[in-house]
Amino acid sequence: MFRSPLRHLPPLTRSIRLYSTGAAPEYTNIIISRPSPAVQLITLNRPKALNALNRALMAELNDALDRVQEDDSTKALVLTGSEKAFAAGADIKEMKDKNFAEAYKEDFLASWTRINAFRKPIVGAVSGYALGGGCELAMMCDVLLASPTAQFGQPEINLGIIPGAGGTQRLTRAVGKSRAMELVLSGRMISAEEADRWGLVSRVVKDGSVVDEAVKLAGTIAGKGAVSVQAGKEAVNAAYELTLAEGLRFERRLFHQLFATEDQKEGMAAFAEKRKPSFKDQ
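Structure report, in brief.

The rules behind each value
Every chain is numbered independently, its residues counted from 1 as its sequence is written. At least 70 in pLDDT is required for a residue's local features to be given in this predicted model, at least 80 for side-chain atom pairs to be given and counted, and no such filter applies to totals for whole chains, interfaces and linings, which use all residues. To get the side-chain values, all heavy atoms of the structure are used, and hydrogens and water are removed first. Labels follow the DSSP assignment, with helices taken as runs of H or I lasting at least four residues and strands as runs of E lasting at least two, numbered in each case from the N terminus. Two things to know: the radius of gyration comes from C-alpha atoms, and the globule rule equals 2.2 Å times the number of residues to the power 0.38. Partly exposed describes any residue whose relative accessible area lies between the buried limit of under 20% and the exposed limit of over 50%, with all areas from a 1.4 Å probe on protein chains only and scaled to the type maximum. Note on contacts: a residue pair is in contact if any heavy atoms of the two residues lie within 4.5 Å. Cavities and pockets are found on a 1 Å grid laid over the protein atoms alone: a cavity is a set of points where a 1.4 Å probe fits but cannot escape, a pocket is an open set with protein on both sides within 12 Å along at least five of seven lines, and a lining residue has an atom within 4 Å of such a point. Grid points are joined across faces, edges and corners, and a volume is the space filled by probe spheres set on the points. Note that Gly is not counted as nonpolar here; it falls among the polar residues with everything else outside the nonpolar set of Ala, Val, Leu, Ile, Met, Phe, Trp, Tyr, Cys and Pro and the charged set of Asp, Glu, Lys and Arg. Note on terminology: a nonpolar core comprises buried Ala, Val, Leu, Ile, Met, Phe, Trp, Tyr and Cys residues joined through side-chain atoms within 4.5 Å. Paired strands, in this sense, are two strands between which DSSP finds at least two bridges. Axis angles are defined between N-to-C directions and span 0 to 180 degrees, where every axis is a line fitted to C-alpha atoms and, for a helix, only to the segment in contact.

**Observations concerning the overall build of the protein chain**
Phase 1 of the analysis: Within the protein chain, the secondary structure is distributed over 12 helices and 10 strands.
Phase 2 of the analysis: In terms of C-alpha radius of gyration, the protein chain reaches 19 Å, essentially the compact-globule figure of 19 Å for 282 residues.
Phase 3 of the analysis: When its C-alpha atoms are laid out on the principal axes, the protein chain stretches across 60 × 50 × 40 Å.
Phase 4 of the analysis: In the protein chain, which comprises 282 residues, the proportion classed as buried is 43%.
Phase 5 of the analysis: The contacts in the protein chain between residues at least 6 apart in sequence include a share of 62% that link residues at least 24 apart.

See below:
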């Protein structure tokens, strides 16, 4: 069983009512909690290192994601850090002595992007620093909310390297070539407000806790039919990979397939009968 999450959670998450997560491993670098019956919350928990990402933390995160994926009672996930740092980058001490052959043979950082294969919706809640690998991890979330204190950046250029977990690719798709070039080549950080204007985040949560707002949003998503939510996520993500014509065809096929689900029948019947739908995720 987990140690009590309340004892370890940073202040910005303590206002959330927690539900039991059931039997699960006791992690060292992340904290798992259930703020609502259908939503799980993963909090990065390396406070002394500003949640710097290392092999151990990412292994725990990947394991937790696998378990959440298999848990039918969990319909959405929130990923956050502390008030001071979502994640201030990768752990430089762990990688500074690597050479090319070692990094290449082990495909260094490949396992850090396993979150991309996670099929349930992830809402990221960012306060403080989201730099380097932390910015890349934040961009892997499906929806990204930021507190006014959030700062984003890809400062790897200051270390003689470039982003290696998707920073050059996802940032370019999110904010455009010129802005991505500026951040990647200069190492400049941007504020939450600038990230909002550029389209890097969905919105800045100025009133109240960004984690509370992320949990609320995740709860709203969790209240929809799981099959259509999964299809919606798949369709939006496909827009990054497909031409417009291919994407429209892919979207339409998913749309057609949803007419074979019980949730489609229930959703449309509820609308016609002016009542709230009761989705069965079938």
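Still more to cover.
**Considerations on empty space enclosed by the protein**
Summary: where empty space remains is shown by rolling a probe the size of a single water molecule over the atoms.
Phase 1 of the analysis: According to the stated counting rule, one finds one cavity of 30 Å³ or more in the structure shown.
Phase 2 of the analysis: Approximately 40 Å³ is the volume found for the largest cavity.
Phase 3 of the analysis: Residue lining of the largest cavity: Leu53, Met58, Trp112, Gly133, Glu136, Leu137, Met140 and Ala165, and that is the complete set.
Phase 4 of the analysis: Among the elements that line the lining of the largest cavity, the one with the most residues is helix α5 (residues 133-139), at three residues.
Phase 5 of the analysis: For the lining of the largest cavity, the class distribution of residues is six nonpolar, one polar and one charged.

**A short note on the nonpolar core**
Phase 1 of the analysis: Ranked by size, the top nonpolar core spans 46 residues in total, and within it Ile42, Leu79 and Phe152 carry the most contacts.
Phase 2 of the analysis: Per-element accounting of this core gives the leading share, six residues, to helix α2 (residues 55-70).
Phase 3 of the analysis: If we skip the residues at most four places from it in the chain, isoleucine 42 touches Ile30, Ile31, Ile32, Leu61, Ala64, Leu65, Leu77, Val78, Leu79 and Thr80.
Phase 4 of the analysis: If you look at the next biggest cluster of nonpolar residues, it comprises 16 residues, including Leu41, Leu145, Val205 and Ala218.

**Examining the sheet that holds strand β8 (residues 151-153)**
Phase 1 of the analysis: Read from one edge of the open sheet, four strands run β4-β6-β8-β9, paired in mixed fashion. The open sheet has two edge strands, β4 (85-87) and β9 (189-191), and neither has a second partner. For this sheet, the mean angle separating the axes of adjacent strands, direction not counted, is 20°.
Phase 2 of the analysis: As defined by bridge partners, β4 adjoins strand β6 (residues 129-131) across two bridges and the pair is classed as parallel. Its bridge partner being in β6, alanine 87 is matched across the sheet by alanine 130.

**A word on the sheet that holds strand β10 (residues 203-204)**
Hydrogen bonds between backbone groups are what pair the strands of a sheet, and the pairing can be parallel or antiparallel.
Phase 1 of the analysis: Pairing within the open sheet is mixed, and its six strands lie in the order β1-β2-β3-β5-β7-β10. Where the open sheet ends on each side, the last strands, each with one partner, are β1 (30-36) and β10.
Phase 2 of the analysis: In this structure, strand β2 (residues 39-44) lies alongside strand β3 (residues 76-80), joined through five bridges in parallel fashion. Along β3, the bridge assignment pairs leucine 41 with valine 78.
Phase 3 of the analysis: Running over the sheet, helix α9 (residues 210-222) touches β1, β2, β3, β5 (122-126), β7 (143-146) and β10 and is turned about 170° from β5.

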